[in-house]
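Residue-level structure breakdown
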Amino acid sequence: MPTKRAPIKNRLLAALSSEDRLRLLGDTAALDLNLSETLSESGAHIHHVYFPVDSVISLITPGISREQLEVGLVGNEGMFGLPLLLGIRVSPLRAVVQGAGRAWRIDAGHFLRVIESHASIRQALNRYLYVFLAQLMQTATCTRFHLVEARLARWLLMSRDRAHSSHFHITHEFLARLLGVRRVGVTSAASALQRRDLIRYKRGDVAVLDARGLERAACPCYAIDKRIYRRVLGKGLVYRQPAERDPEAIRLATRVEGSISC
Ligand SMILES: [Zn+2]
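Calculation criteria
- Residues numbered from 1 in each chain as written.
- Predicted model: local features only at pLDDT ≥ 70, side-chain atom pairs only at ≥ 80, totals over all residues.
- Heavy atoms only, no water.
- Donors = N, O, S within 2.8 Å, 3.2 Å for Na, K, Ca; no water.
- Tetrahedral: all angles 85-135°; square planar, octahedral: opposite > 155°, others 65-115°.
- Helix = DSSP H or I, 4+ residues; strand = E, 2+ residues; numbered from the N terminus.
- Buried < 20%, exposed > 50% of the residue type's maximum accessible area, 1.4 Å probe, protein only.
- Core = buried A, V, L, I, M, F, W, Y, C linked by side-chain atoms within 4.5 Å.
- Contact = heavy atoms within 4.5 Å.

**Things to note about the coordination of the zinc ion**
- Protein coordination at the zinc ion: the donors are Cys142 (SG), His146 (ND1), Cys219 (SG) and Cys221 (SG), at 2.1 to 2.3 Å from the metal.
- Every donor counted, the 4 donor atoms about the zinc ion form angles of 99 to 118° at the centre, which fits tetrahedral coordination.
- Expressed as a motif, the donor residue spacing for the zinc ion is C-x3-H-x72-C-x1-C. Taken together, the residues histidine 146 in the loop between helix H4 (119–145) and helix H5 (148–163) and cysteine 219 in the loop between helix H8 (211–217) and helix H9 (221–233) connect sequence positions 73 residues apart.
- Residue cysteine 219 is classed as buried on the basis of its relative accessible area, which comes to 6%.

**Points about the nonpolar core**
- With 44 residues, the main nonpolar core has Leu24, Phe51, Ile57, Met79, Phe111, Leu125 and Tyr128 as its most contacted residues.
- Looking at which element gives the most residues to this core, the answer is H4, with 7 residues.
- Apart from residues lying up to four places away in sequence, tyrosine 128 is in contact with Leu12, Val74, Glu77, Gly78, Met79, Leu82, Tyr229 and Leu233.
- Within the second largest apolar cluster, 30 residues are counted, among which are Val56, Leu156, Ile199 and Ala211.

This is the structure we're talking about:
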């Protein structure tokens, strides 16, 4: 059900002038998105644009079973519905809720009318389109050249940033799709990070114990992504940097006793 008067925390919306934000949102309401909810199939018409507040949307390439690859994560730093900025109403990617939470949902027709008549809004969102494309290119390089353990560290950090917490839920299936490997490959990489006391992972519950250490274990793509975002969208839009050792994460990690399990 719609949740009226949810605070605006999406960083793209927050960067707009209050007039432009009002034009875009109108009398829309923030919705609760449920875990594993499909927002759009690949090849389907985009009916709504989503600006996550505290939810996370994953973007998946079309394919059969293991051929599907996770190529993007959208949290409150971004939006889903980018093809509309190019005048195309079809999504090339499947969009699935990976982290439950709220998002602003805007009718696609209204979104198109507003960006066509207000260049300032279109230009602001085009900057995120540039960042998203740059991150897609970086992911292509990452998938081809970087080791699974380093790639897992990168995606865990990206998930942490978008979940706004050092403790979050992320399934084996999701990780396998992120990394393009079998589940046993995920277990092996997660075990390696766990042996280094960087994370705890059990039945999908992830606790980041040492964020700095995890950043050192990640491939350079994580830092490159952040640099691009900061350069194009400004200092005020950098990812949140949680404390190096989050007491809550440590408490939860202790509770799950540290073993890897699907
Ligand atoms: Zn990489």
